[in-house]
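# What the coordinates show
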Amino acid sequence: LTWWIGLMATHPDVVEQLRREIDSANAGMSPMESIARLPYLNATIKEAMRLYPPSTALFTRVALRDLVIGETPVSKGTLVVVPIWHLHHDARSFAEPNTFRPDRFMPDAPAIPRSAYLPFGAGPHFCLGQHFATIEMALVAAHLVKNFDLSLDRGTTLPEPAVDIALKPKTTLCVRFTRRQTSERLLGQKL
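Residues numbered from 1 in each chain as written. Predicted model: local features only at pLDDT ≥ 70, side-chain atom pairs only at ≥ 80, totals over all residues. Heavy atoms only, no water.

## As for unusual backbone geometry
Phi angles above zero are rare outside glycine, and Glu96 is one such case at about 50°. Among the structural elements, Glu96 can be located in the loop between helix H5 (84–88) and helix H6 (130–147). With a relative accessible area of 48%, Glu96 lands in the partly exposed category. Positive phi, normally seen in glycine, also occurs at Ser115, with a value near 70°. Residue position: Ser115 is located in the loop between H5 and H6. (Helix = DSSP H or I, 4+ residues; strand = E, 2+ residues; numbered from the N terminus. Buried < 20%, exposed > 50% of the residue type's maximum accessible area, 1.4 Å probe, protein only.)

## Description of the packing of aromatic side chains
Tallied over the entire structure, the rule returns three aromatic pairs. Measuring from ring centre to ring centre gives 4.8 Å for Phe105 and Tyr117, while their planes differ by 55°; the resulting arrangement is tilted. Here the residue Phe105 occupies a position in the loop between H5 and H6, and Tyr117 occupies one in the loop between H5 and H6, the gap between them amounting to twelve residues. There is no split in this pair, since Phe105 and Tyr117 are both buried. A centroid spacing of 5.8 Å and a plane angle of 80° characterise the contact between Phe148 and Phe177, whose relative ring orientation is edge-to-face. One end of the pair, Phe148, is in strand S5 (residues 148–151); the other, Phe177, is in strand S8 (residues 176–179), and 29 residues separate them in sequence. Under the relative-accessibility criterion, Phe148 is labelled buried at 15%. Against the face of Phe94 rests Arg50, its NZ or CZ located 4.9 Å from the ring centre. (Phe/Tyr/Trp six-rings, centres within 6.5 Å; stacked < 30°, edge-to-face > 60°. Lys NZ or Arg CZ within 6 Å of the ring centre and 35° of its normal.)

Written as structure tokens, this is what we have:
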């Protein structure tokens, strides 16, 4: 969510589209039900995890047989590291790979090649908490977008990413949260 918040602070047009989507969601539903009906919100989260994957290269496997990956021969028993950062920034799978484009994860977008997007790993070693994490991020993200304007200080940009146990900002990411005046709040105020 740190990177998602930073991206929202630098893409006010995306935030406005998210607000329209959230406002048009069915009012009688529980928050969990409505999250599933917010494809653009979920697309922004997926795109943030593509640009800034939680894990960048901790996805490893041991070759069970001799094989060739691309043009590189790999002997049985060799430890193979899947470079998630590079997969997510590969122009063969993602046009303009360093550009924030949530539309690539919309339901009507072209299919993403198999194994090109792995923020939670894959196969028998995928993250068991991925569904909970995705729902939790969407609930928090929807709340933030609905209730706050997000901005960076003038002249600042998102920090460089740094690899630790997880991908994190190299320097502090300072985002200004300004509470929005919504019509519900205005109705409750005395004029």
